[in-house]
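Geometric and topological summary
Each chain, letter by letter, is given below.
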Amino acid sequence: MTLEALEGRLEQAARLDTGEKITAATARRLACEAGIIPAVLGGPSEVLDLGRTRRFHTKAQRIAIGIRDQHCTEPGCDWPPAMCHVHHDIPWSRGGPTDVDHGRLLCPKHHTRFHRRN
Ligand SMILES: [Zn+2]
Ligand SMILES: [Zn+2]
């Protein structure tokens, strides 16, 4: 997918390496969770940035975030840490760090919902 689509400036479907098509929102959610963007294409299949990665939250960071948040941070949602993703409050694409202060728990449903809006 293109960088524009990933950053939400353009709504465009992305494609997994399995050939499966996913929405840009899903791609952003996957990028947030995993911190991995395998390939960002600049023009017709021109790879600008292959394998640029950000660290996953470490196990220790996940535990610290889980103890602090206790459940999904969406108001009224009580999904436990083990079932939540760690969401980057500042997206990786805007230089957001992978740390405890900028991470918070979101369950898969609310994580998906967040990235549909953002
Ligand atoms: Zn997220
Ligand atoms: Zn939730």
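Look a little higher up for the structure.
A brief report on the enclosed structure follows. Everything quoted here is computed from the prediction, not taken from an experiment. (Residues numbered from 1 in each chain as written. Chains lettered and ligands numbered in written order. Predicted model: local features only at pLDDT ≥ 70, side-chain atom pairs only at ≥ 80, totals over all residues. Heavy atoms only, no water.)

Within the protein, the atoms that donate to the zinc ion (ligand 2) are C72 (SG), C77 (SG), C107 (SG) and H110 (ND1), at distances of 2.0 to 2.3 Å. Around the zinc ion (ligand 2), the four donor atoms are arranged such that angles at the metal cover 100 to 117°; this shape is classified as tetrahedral. All donor residues of the zinc ion (ligand 2) come from one chain, and their arrangement in sequence is C-x4-C-x29-C-x2-H. Taken together, the residues C72 in the loop between α3 (59–69) and β5 (85–88) and C107 in the loop between β6 (103–106) and α4 (108–117) connect sequence positions 35 residues apart. Accessibility assignment for this pair places C72 and C107 in one class, buried. (Donors = N, O, S within 2.8 Å, 3.2 Å for Na, K, Ca; no water. Tetrahedral: all angles 85-135°; square planar, octahedral: opposite > 155°, others 65-115°. Helix = DSSP H or I, 4+ residues; strand = E, 2+ residues; numbered from the N terminus. Buried < 20%, exposed > 50% of the residue type's maximum accessible area, 1.4 Å probe, protein only.)

This part takes up α4. For the α-helix, the turn length of 3.6 residues means that residues three or four positions removed from each other point alike. For α4, the full list of buried residues reads H110, H111, F114 and H115. Angular distribution of buried residues about the axis of α4 spans 130°; they occupy a single face of the element. In α4, those exposed residues whose orientation departs by more than 90 degrees from the buried face are K109, R116 and R117. (Arc of directions from axis to C-beta.)

Attention now goes to the environment of I65. Looking at the secondary structure, you find I65 in helix α3. By relative accessible area, which is 0% here, I65 ends up buried. Separated by 38 residues in the primary sequence, I65 and G103 have C-alpha atoms spaced 7.2 Å apart. When sequence neighbours within four positions are dropped, the list of residues in contact with I65 reads H57, Q70, V86, D99, V100, G103, R104 and L105. (Contact = heavy atoms within 4.5 Å.)

It is worth spelling out the pairing of β5 at this point. In β5, alternate side chains face the same way, and those of H85 and H87 on one face and V86 and H88 on the other are all buried. Across four bridges, β5 lies against β6 in antiparallel orientation. Bridge pairing in β6 links H87 to R104. (Pairing = 2+ DSSP bridges.)

The next point concerns the nonpolar core. Within the largest apolar cluster, nine residues are counted, these being I65, C72, C77, C84, V86, L105, L106, C107 and F114. If we ignore the near neighbours within four places in the chain, the residues touching C77 are H71, C72, C107 and H110. (Core = buried A, V, L, I, M, F, W, Y, C linked by side-chain atoms within 4.5 Å.)

Within the element layout of this structure, T58 appears in the loop between β4 (47–53) and α3. Residue classification places T58 among the partly exposed residues on the basis of a relative accessible area of 32%. Between the C-alpha atom of T58 and that of T98, which follows or precedes it by 40 residues, the distance is 8.9 Å.

Backbone geometry at Q70 places phi at a positive 70°, although glycine is not the residue there. Summarising the element assignment, Q70 is placed in the loop between α3 and β5. Judged by its relative accessible area of 56%, Q70 falls in the exposed class.

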